[in-house]
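Descriptive analysis of the structure
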Amino acid sequence: MTFASTTLYLSGIGVAVTGYLAVIFLRDPQNGLQQTTHHAENLPSVMTDRYLAMTALAAGATFYGDFKVIAFLFATFAFMGFADAFIYARAGKSISKHMIAGGAAMIVVIVAILAQITNGAA
C-alpha cells in the first residue's frame, strides 16, 4: 500500500465517521451531543473553532488555486448558510444573515465554475 492509497483510505474513514455523526445528530440531537461529548452551553466557543476552521479551509483552497476545489468548498459553505436559514425560519427567527452568507457563497461557486470553463481546465 502506498502513501497515496493510504491517505485516500484514511480520508474515506474520516468521511464515514463524520457522516455517521451527522446522521446521529439528524436523528437525535441530544444523542449527538452525548456521542461527541459536546455541551450546549459551550456551543458559542465551539462555533468560534468552526469559523476559524472554515477560514483556514477557505484560505487553503484560495492559495491552492484550484477552481474545482474552491467551487466544492463554497458549495458546502452555501449549504451550511441555507440550512441554517431553514432551521431558523422554522423557529420563526431572522434568516437574512444566513441567506446572505449562502448567497455570497453561491456567487463564489458560480464564478469558480465559470473560471474553470473559460480557462479550459477540466
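What you see is a predicted model, and the numbers here were worked out from it, not measured in a lab. (Residues numbered from 1 in each chain as written. Predicted model: local features only at pLDDT ≥ 70, side-chain atom pairs only at ≥ 80, totals over all residues. Heavy atoms only, no water.)

Some points on the overall build of the chain
The helix and strand tally for the chain stands at 5 helices and 0 strands. Projected onto its principal axes, the C-alpha coordinates of the chain cover approximately 45 × 45 × 25 Å. Within the chain, the proportion of its 122 residues that are buried is 18%. Counting contacts in the chain only where the partners sit at least 6 residues apart, residues at least 24 apart contribute 39% of the total. Averaging the locations of the 6 positively and 5 negatively charged side chains of the chain gives two centres separated by 7 Å. (Helix = DSSP H or I, 4+ residues; strand = E, 2+ residues; numbered from the N terminus. Buried < 20%, exposed > 50% of the residue type's maximum accessible area, 1.4 Å probe, protein only. Contact = heavy atoms within 4.5 Å. Lys, Arg positive; Asp, Glu negative; His and termini not counted. Charge placed at Lys NZ, Arg CZ, Asp CG, Glu CD.)

Description of unusual backbone geometry
Although it is not a glycine, Thr37 adopts a positive phi angle of roughly 55 degrees. Using a relative accessible area of 61% as the deciding quantity, one classes Thr37 as exposed.

Section: the nonpolar core
In this structure, Met54, Ala58, Ala61, Ile70, Ala71, Leu73, Phe74, Phe77, Ala78, Ala105, Val109 and Ala112 together form the largest nonpolar core, which totals 12 residues. Looking at this core, the elements with two or more residues in it are α3 (43-64), α4 (67-90) and α5 (96-118). Considering each element in turn, this core owes the most residues, 6 residues, to α4. If we ignore the near neighbours within four places in the chain, the residues touching Ala71 are Val109, Ala112 and Ile113. (Core = buried A, V, L, I, M, F, W, Y, C linked by side-chain atoms within 4.5 Å.)

As for the packing of aromatic side chains
Tallying each qualifying case throughout the model produces 1 aromatic pair. Geometrically, the ring pair formed by Phe74 and Phe77 is edge-to-face, given 5.1 Å between the ring centres and 75 degrees between the ring planes. Linking Phe74 with Phe77, this pair stays in helix α4, spanning 3 residues, or about one helical turn. The same class applies to Phe74 and to Phe77, which are both buried. (Phe/Tyr/Trp six-rings, centres within 6.5 Å; stacked < 30°, edge-to-face > 60°.)

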